[in-house]
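# Observations on the model geometry
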Amino acid sequence: LRERCRNNRIAINPSHDDFPAILAEAMDVLAASRWESKEAATILECSPSQLIKLTKLEPQAFVEFNRRRNDLGLKPLK
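This one's a predicted model, so the numbers in the text were calculated from it and none came from an experiment.

Formed by 22 residues in total, the largest nonpolar core has its most connected members in Leu1, Leu30, Leu44, Cys46, Leu51 and Leu54. Considering each element in turn, this core owes the most residues, seven residues, to helix α1 (residues 19-32). Setting aside residues up to four positions removed in sequence, Cys46 forms contacts with Cys5, Asn8, Ile10, Ala41 and Leu51.

Here it is, written out as structure tokens:
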């Protein structure tokens, strides 16, 4: 995923063959960061908003992201 980050932006098309692996890596880092986008973005060297946008490219991933945040008592992201 770091190879796809340039100037804090994530460059990937959801139809690209690498997209599932990149999204899985992002979700793994989010999970390790207890679903805190700022912490995960720091690890991945991108902005938190870009990380959130990445998860939104796959609606089920974004739903899971917010479900996990809710489980921890965190506010959902929009």
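Moving on to the packing of α1 against helix α4 (residues 59-71). α4 packs onto α1 with a crossing angle of 5° between their chain directions and a minimal axis gap of 12 Å. Taken together, the axes of α1 and α4 are roughly parallel relative to one another. Contacts between α1 and α4 involve Leu23, Met27 and Leu30 on the former and, on the latter, Ala61, Glu64 and Phe65. Taken together, the residues of the contact of α1 with α4 break down into five nonpolar, no polar and one charged.

Rules of the game
- Residues numbered from 1 in each chain as written.
- Predicted model: local features only at pLDDT ≥ 70, side-chain atom pairs only at ≥ 80, totals over all residues.
- Heavy atoms only, no water.
- Core = buried A, V, L, I, M, F, W, Y, C linked by side-chain atoms within 4.5 Å.
- Buried < 20%, exposed > 50% of the residue type's maximum accessible area, 1.4 Å probe, protein only.
- Helix = DSSP H or I, 4+ residues; strand = E, 2+ residues; numbered from the N terminus.
- Contact = heavy atoms within 4.5 Å.
- Axes fitted to C-alpha atoms, helices over the stretch in contact; angles between N-to-C directions.
- Parallel < 35°, antiparallel > 145°, perpendicular 65-115°, else oblique.
- Nonpolar A, V, L, I, M, F, W, Y, C, P; charged D, E, K, R; others polar.

Note that all results are geometric; they support no functional claim without further evidence.
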